Amino acid sequence: MDLRNEVAAYLQDFTYIEDDINGSFFSAADNTTKIETILIDGRNITKYVNEFWTSRQRQASSIHEISYRACFKPQLPRFFIELLSDVGDIIYDPFSGRGTTVIEAGLLGRKVVSNDVNPLSEILTRPRFTPPTIEDVAKRLSRLDFDNTLESEIDLSMFFHERTLSEILSIRKYLCERKESGNEDGIDRWIAMVATNRLTGHSTGFFSVYTLPPNQAASPKSQKKINEVRRQIPEYRDTKEIILRKTNSLLRNLTSPQKANINAAGMSGLFINQSAAYTPEIAADSVQLTVTSPPFLNIVQYSKDNWLRRWFNSLDDDEISKRITMAKTVEEWSTAMGSVFHELYRVTKPDGWVAFEVGEVKNRTVSLDEHVVPLGNSAGFECNGILVNSQEFTKTANIWGIQNMKSGTNTNRIVLFRKKK
Ligand SMILES: C[S@@+](CC[C@H](N)C(=O)[O-])C[C@H]1O[C@@H](n2cnc3c(N)ncnc32)[C@H](O)[C@@H]1O
C-alpha cells in the first residue's frame, strides 16, 4: 500500500511525512489545519486540529447501527484502518463496546480481535459478523411460540405492556434454552442481538413505552416518573415485527463483497471478555493496528445504563460492575491505562500502531490526550502526535418532547503511537 497516495485521496489538504525528523505525522499543505507543538513528558508533541473525517468520507454501513454508550462513529476507525493497515492485517480494539472498530475492520477485509470486559459487547458485536438473511430470521421467529403464562422475576410493567412482556419473556426463555442445550446458532445470536437492542427506547421501533434512548435504561423508579409526567401507559408492541424491521434496516446497504469480508473476519476473529490489561489469548507482536476508546473516568455508567440489556441476556450484574474500570481521578485512570499500554505494547507488531481516542472531561478542564502521551511512552511506544478531529454541528435535540436546535463542536482526540522496530 502506498501510504502517500492513500492519504492524498483522503485528505486533499495534507501531505504525509513518513518519518520526518520531528516525528510529525502530517504536515498541513494549506491553512485549514491548526498545528500546535506542546511539550509533554519532555518531548515536543504536535497537535493537528481539523475535520479529518466524517463529512469528507463516505457513509457508514447500516450494519453498525446498534446503539451503545460512548460509541464512536465508524468513520473514525476507518480513517486509521485505511491509512495504517492492509487487507489481512489484524486490527484490535481492547475496549470494543458495540464493536465499531472490529466491524469496520471486517468490512474492509482485515482480521479482527475484539475485547471488552462487559460480555454484552460480544453479544452485540459477534452476530454481525455472520448476518443471516431476512428470510432466515422470519422463518426462525415464525417457529417461536409465545407463552403467556411466563412471569418476570422483576416488575417491568412500567416499561412494557403485559402482552409485550410475555413475548419478551418467551424470546428470552427460547434463547436461554438454545444456548444451554448447545443448539444456539448464528440466527439465534442475531435475534438476541437485535432484541437486546430493541428492548427500550424512545420510538415505536422499541418494545417499551417512551423512555430514555436505547443505550441508557432508566431505573424502574425513574420510568414510573417518566410515565407520570408524560401521562403514558405502555402500549402493546409486536416484538417479532420489530425484530424483523430492525434486521431489514441493519442489512439494508450491506453489499455482497462486504458480507464476504465480514464473514471471513468473523471466522478467523478472536472475541474475548478480559480486562484490557491482561489478554494472554492475543499473541505477542501480532496486531498491526489498535483503534480504541477507553472508559473516561467515571462519566459513563456502563453497568447501570445496561441493566435491562443484561437482565434480558441473564448476565451477572455484580460480577461485571466489579470488572469495569471506573476511575474517579485522573491519577487512578492513568494507573489503569498505564497497564493497558504495557499489554498493547506486547501484542503490537514492530512498526505497528495504536490510535487511542479520548474525550474532554470535566467541562473541558482536563485534556486526557495529554495524560495519555507519557503512558504510551513509558510502555515503549513512540508518540507520533495528537489528531483532534473537530466537527461543527447543529442538531435537533428532542428531550421529553421539546424540540431544541443545539449547535456546538464535536471533538475526538486521538493520540497516535508507533512501536519502533
Ligand atoms: C468508550 S466505550 C468503547 C466504545 C466503542 N469504541 C464503541 O464504538 O462502541 C468503553 C468500553 O470499555 C469497556 N471497559 C471498561 N473497563 C474495561 C476494562 N478494564 N477492560 C476492558 N474493557 C473495559 C466498557 O465496557 C465499554 O464497553
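Residues numbered from 1 in each chain as written. Predicted model: local features only at pLDDT ≥ 70, side-chain atom pairs only at ≥ 80, totals over all residues. Heavy atoms only, no water.

**A short note on the packing of aromatic side chains**
Operational definition: Within 6.5 Å between ring centres, the rings of Phe, Tyr and Trp (the latter by its six-membered ring) count as paired, and their orientation is classed by plane angle as stacked under 30 degrees, edge-to-face over 60, tilted in between. The way it works is that DSSP assigns letters per residue, a run of H or I at least four long becomes a helix, a run of E at least two long becomes a strand, and they are numbered from the N terminus. A positively charged side chain is recorded as over a ring if its NZ (Lys) or CZ (Arg) lies within 6 Å of the ring centre. The angle to the ring normal must also be within 35 degrees.
Under the defined criterion, the tally for this structure stands at 10 aromatic pairs. Ring geometry for phenylalanine 341 against phenylalanine 356: centres 4.7 Å apart, planes inclined by 40°, an arrangement best described as tilted. One end of the pair, phenylalanine 341, is in helix H14 (residues 330-347); the other, phenylalanine 356, is in strand S9 (residues 348-358), and 15 residues separate them in sequence. Ring pairs connect the aromatic residues Phe341, Tyr345, Phe356, Phe381 and Phe417, which therefore count as one cluster. One Lys or Arg, arginine 163, reaches over the ring of tyrosine 236 and ends 3.9 Å from the middle of that ring. It is arginine 230 that lies over the ring of tyrosine 210; its NZ or CZ is 3.5 Å from the centre.

**As for the pairing of strand S6 (residues 111-115)**
Keep this limit in mind: The rule is simple: take the accessible area with a 1.4 Å probe, protein chains only, and divide by the maximum for that residue type; under 20% is buried, over 50% is exposed, in between is partly exposed. Two strands are counted as paired when DSSP detects at least two bridges linking them. Seen with its strands pointing away from the viewer, a crossover is right-handed if its path from the first strand over the helix to the second goes clockwise.
Of all five residues in S6, four are buried; the element is thus mostly enclosed. Inspection of the sheet shows strand S5 (residues 90-93) paired to S6 by four bridges, in the parallel sense. Across the sheet, the residue bridging to tyrosine 92 is valine 113, located in S6. Handedness of the crossover joining S5 and S6 through helix H3 (residues 100-107) is recorded here as right-handed. Examined bridge by bridge, S6 and strand S7 (residues 270-272) share three bridges and lie parallel to one another. From the neighbouring strand, serine 114 faces S7, where its bridge partner is phenylalanine 271.

**A short note on the environment of serine 367**
The topology assignment puts serine 367 in strand S11 (residues 366-367). Overall, the relative accessible area of 22% leaves serine 367 in the partly exposed class. Placed 46 residues apart in sequence, serine 367 and arginine 413 show a C-alpha to C-alpha distance of 9.0 Å.

**Observations concerning the site of the ligand**
Under the convention used in this document: Residues are counted as near a molecule or strand when any one of their heavy atoms sits within 4 Å of it. Any N or O atom pair separated by 3.5 Å or less is treated as a polar contact, with the protein-specific requirement of one donor-capable and one acceptor-capable atom, and with residues adjacent in sequence counted only for side-chain atom pairs. To be clear on the numbers: accessible area is Shrake-Rupley with a 1.4 Å probe, and residue cover counts the displayed protein chains and nothing else. Polarity classes work like this: nonpolar for Ala, Val, Leu, Ile, Met, Phe, Trp, Tyr, Cys and Pro, charged for Asp, Glu, Lys and Arg, and polar for all others, with Gly in that last group.
Surrounding the ligand, one finds 24 residues, the nearest of these being Tyr68, Arg98, Thr100, Asp116 and Thr325. Here a nitrogen atom of the ligand and a backbone polar atom of alanine 276 are 2.9 Å apart. Taking 600 Å² as the accessible area of the ligand by itself, protein coverage stands at 99%. Of the residues assigned to the shell around the ligand, the class counts are 12 nonpolar, nine polar and three charged.

**A word on the side chain of threonine 292**
Within the secondary structure, threonine 292 is located in strand S8 (residues 287-292). Among the polar contacts listed, one links the side chain of threonine 292 to the backbone nitrogen of phenylalanine 95, at a separation of 3.5 Å.

**Here we look at the pattern of salt bridges**
Rules: By definition, a salt bridge exists where a carboxyl oxygen of Asp or Glu is found within 4 Å of a side-chain nitrogen of Lys or Arg.
On inspection of all chains with the given rule, the structure shows 20 salt bridges. The residue arginine 413 makes a salt bridge to aspartate 369 at a minimum N-O spacing of 3.1 Å. Of this pair, arginine 413 sits in strand S13 (residues 402-418) while aspartate 369 sits in helix H15 (residues 368-379), placing them 44 residues apart in sequence. Residue classification places aspartate 369 among the buried residues on the basis of a relative accessible area of 0%. Within the structure, one salt-bridge network assembled from shared partners comprises Lys47, Asp369, Glu370 and Arg413.

**Topic: the environment of glycine 201**
The following threshold applies: Whether two residues touch is decided by their heavy atoms; if any such pair falls within 4.5 Å, the residues are in contact.
Inspection of the secondary structure puts glycine 201 in the loop between helix H7 (186-198) and helix H8 (220-230). The exposure class of glycine 201 is buried, given its relative accessible area of 0%. Apart from residues lying up to four places away in sequence, glycine 201 is in contact with Phe206, Ser208, Val209, Tyr210, Thr211, Leu212, Pro213 and Pro214.

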